[in-house]
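Structural description and commentary
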Amino acid sequence: MTEALRIGQIAGDQSFTKRCQRLLEEVLQVPRVLLTTSCTHALELAALLLNIQPGDQVIVPSFTFVSTVNAFVVRGAQPVFTDIREDTLNMDEAQVERLLTARTKAIVPVHYAGVGCEMDAIADIASRRGIAVIEDNAHGLFGNYRGRKLGTMGALAALSFHETKNVTCGEGGALILNDARYTERAEILREKGTNRTQFFRGQVDKYTWVDIGSSYVMSDVLAAFLYGQLEAWREIQEQRRRIWELYDRRLSEWARQHGIRTPTVPPHCGQAYHMYYLLLPSLERRTALIEHLKRRGILSVFHYLPLHLSLMGQKFGGKPGDCPVTEDVSARLLRLPFYNSLSELEQEKVVSSLLEF
Ligand SMILES: Cc1ncc(COP(=O)(O)O)c(C=O)c1O
């Protein structure tokens, strides 16, 4: 960050942005990555690139962050919610086919906790019907599904570098362009609808307004922060693997004895070690456990509330019972402290407090 300031590169798309993009392109083996101001904005860019129009439908899980859905709703789309699988808590691919209509424009799987969705089935349905798949890979950078990296299977994919993520710059994101048809337009829409990127590459002699667009470019000061994180991505992932495995080793037996479920990672999924959660037997037990941990100075948090039952979800026709697994899991899921600098000693305190409960 000091270097970015010293060389006077504090706006976006300069050397640190380029270095981050190149590193991600190399690690993920993808043709083009564009840093954005957030994952939300990467998803909004995806919706613009797909020309989402009022009345179009997008298939989304109800158990996700609001941005997975809102990015399309701001373009006028109608969300069509799927429930999740009981094992991975990912979009239930078996429900997708019957939710398709002539107005379906995209399927947006979310790799919850960095464990891959059943992408073969989703891609198969999408390609048969000519529908785009947009991966919301906010949780799953560096994870893989049947040997393919998460974020490389949809036409487009979005990453998050929010402070809660494995690799972060506070607020930030990226759009992965796996389908080269979208690349040129993505550069324009991200740069306020101008061909500024082509101008800087020397492809045009002045830049001008050529399309709709907005300002989704990350400052190079933040990109410098992000580059420091990305340079250490292997150490970060290794540290998070240790944290995840310690929880799993120390808690699995205790969980089994008390009717608590720990995360399921199918053998064909290389997870991204983003989160460790418990599924308590009831909402009442979860509330009691949050309180128990809080009294010991440990913060544990629940996660998404079902989007189909939110105020906006209800405006789109969502009702109780539409997504029963989501409704059930949402009331019982608890996330344990999980961050890169979490020490083994701190983790042992969490574990012993849980065993005591
Ligand atoms: C699944 C999912 N998608 C999108 C987002 C939005 O990310 P950002 O804060 O980078 O916009 C989040 C945020 O946590 C998320 O969990």
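Let me begin by describing the structure that accompanies this report. (Residues numbered from 1 in each chain as written. Predicted model: local features only at pLDDT ≥ 70, side-chain atom pairs only at ≥ 80, totals over all residues. Heavy atoms only, no water.)

**Details of the overall build of the protein**
If you tally the helices and strands in the protein, you get 14 helices and twelve strands. Compactness check: the protein gives a C-alpha radius of gyration of 21 Å against a globular reference of 21 Å for 357 residues, within 12% of the reference. In terms of principal-axis extent, the alpha carbons of the protein reach across some 70 × 50 × 35 Å. Across the 357 residues in the protein, those meeting the buried criterion constitute 56%. Residue pairs at least 24 apart in sequence account for 67% of intrachain contacts in the protein once pairs closer than 6 positions are excluded. Accessible surface for the protein amounts to roughly 15600 Å². Of this, 53% is attributable to carbon and sulfur atoms. Treating the 41 positive side-chain charges of the protein as one cloud and the 41 negative ones as another, the clouds have centres 2 Å apart. (Helix = DSSP H or I, 4+ residues; strand = E, 2+ residues; numbered from the N terminus. Rg over C-alpha atoms; globule rule 2.2 N^0.38 Å. Buried < 20%, exposed > 50% of the residue type's maximum accessible area, 1.4 Å probe, protein only. Contact = heavy atoms within 4.5 Å. Areas by Shrake-Rupley, 256 points an atom, 1.4 Å probe, with all protein chains shown as cover. Lys, Arg positive; Asp, Glu negative; His and termini not counted. Charge placed at Lys NZ, Arg CZ, Asp CG, Glu CD.)

**Topic: the sheet that holds strand β10 (residues 269–270)**
Strand order in the open sheet formed by three strands is β7-β6-β10, and the pairing between neighbours is antiparallel. Two strands in the sheet have a free side with no partner beyond their single neighbour: β7 (148–149) and β10. Where strand β6 (residues 144–145) meets β10, two bridges bridge the pair, whose relative direction is antiparallel. Bridging from a neighbouring strand, N144 pairs with G270 of β10. (Pairing = 2+ DSSP bridges.)

**Section: the sheet that holds strand β3 (residues 78–82)**
Sheet architecture is open: seven strands sit in the order β1-β9-β8-β5-β4-β2-β3, paired in mixed fashion. On the outer flanks of this sheet lie β1 (32–36) and β3, each paired with one strand and no other. Adjacent strand axes in the sheet meet at a mean angle of 25° when their direction is disregarded. Taken together, the three bridges between strand β5 (residues 132–136) and strand β8 (residues 156–160) define a ladder with parallel strand orientation. Bridge pairing in β8 links E135 to A157. (Axes fitted to C-alpha atoms, helices over the stretch in contact; angles between N-to-C directions.)

**Details of the packing of helix α3 (residues 39–49) against helix α7 (residues 183–190)**
For the pair α3 and α7, the least separation of the axes is 10 Å and the interaxial angle reads 120°. On the basis of their axis angle, the class for α3 and α7 is oblique. Relative to α7, α3 is oriented so that their crossing is right-handed. Packed against α3, whose contacting residues are L45, L48 and L49, the element α7 presents R185, A186, L189 and R190 at the interface. Taken together, the residues of the contact of α3 with α7 break down into five nonpolar, no polar and two charged. (Parallel < 35°, antiparallel > 145°, perpendicular 65-115°, else oblique. Left-handed = near helix turned anticlockwise from the far one by under 90°. Nonpolar A, V, L, I, M, F, W, Y, C, P; charged D, E, K, R; others polar.)

**With respect to unusual backbone geometry**
With phi around 55°, Q29 is a residue other than glycine that occupies positive phi space. Along the chain, Q29 falls in the loop between α2 (15–28) and β1. For Q29, a relative accessible area of 67% translates into the label exposed. With a phi close to 45°, R146 is a non-glycine residue in the positive phi region. Of note, R146 is situated in the loop between β6 and β7.

**Considerations on the site of the ligand**
Looking at the ligand, there are 15 residues lining it, with T40, D136, S160, K165 and Y304 nearest. The separation between an oxygen atom of the ligand and a polar side-chain atom of S160 is 2.8 Å. In the environment of the ligand, an oxygen atom lies 2.7 Å from a nitrogen or oxygen atom belonging to the side chain of Y304. When its residues are assigned to classes, the shell around the ligand shows five nonpolar, eight polar and two charged. (Near = heavy atom within 4 Å. Polar contact = N/O pair within 3.5 Å; in protein donor to acceptor, adjacent residues only side chain to side chain.)

**Brief notes about the nonpolar core**
L49, F72, I134, L156, L175 and L177 are the most contacted members of the largest nonpolar core, which has 35 residues in total. Among the elements of the structure, α3, β2 (57–61), α4 (66–73), β5, β8, β9 (173–177) and α7 are those that each provide at least two residues to this core. The biggest single contributor to this core is α3, with eight residues. Setting aside residues up to four positions removed in sequence, L175 forms contacts with R32, V33, L34, T36, A42, L45, A46, L49, L156, A157 and A186. Grouped together as the second largest cluster of nonpolar side chains are 27 residues, A4, F142, V167 and I176 included. (Core = buried A, V, L, I, M, F, W, Y, C linked by side-chain atoms within 4.5 Å.)

**Here's the deal with the side chain of E93**
Mapped onto the fold, E93 is located in the loop between β3 and α5 (96–99). What makes E93 buried here is its relative accessible area of 14%. Side-chain polar atoms of E93 contact the side chain of R85, separated by 2.8 Å. What E93 contacts, discounting residues up to four positions off in sequence, is R85, E118, A121, I122 and I125.

**Describing the packing of aromatic side chains**
One pair of aromatic rings is described through two measures. These are the centre distance and the angle between the planes. For the coordinates displayed, the defined rule picks out eleven aromatic pairs. Measuring from centroid to centroid gives 6.1 Å for Y112 and Y277, while their planes differ by 50°, and the two rings are tilted. Of the two residues, Y112 is situated in the loop between β4 (104–107) and α6 (119–129) and Y277 in strand β11 (residues 277–279); the sequence distance between them amounts to 165 residues. Here Y112 matches Y277 in class, with each residue buried. Ring centres of F199 and F200 lie 5.5 Å apart, and the angle between their planes is 55°; this geometry places the pair in the tilted category. Relative accessible area serves as the criterion here: at 58%, F200 is assigned to the exposed category. Among the aromatic residues, ring-to-ring pairing joins F63, Y112, Y277 and Y304 into one connected group. The ring of F16 is capped by R19, whose NZ or CZ atom sits 4.3 Å from the centre of that ring. (Phe/Tyr/Trp six-rings, centres within 6.5 Å; stacked < 30°, edge-to-face > 60°. Lys NZ or Arg CZ within 6 Å of the ring centre and 35° of its normal.)

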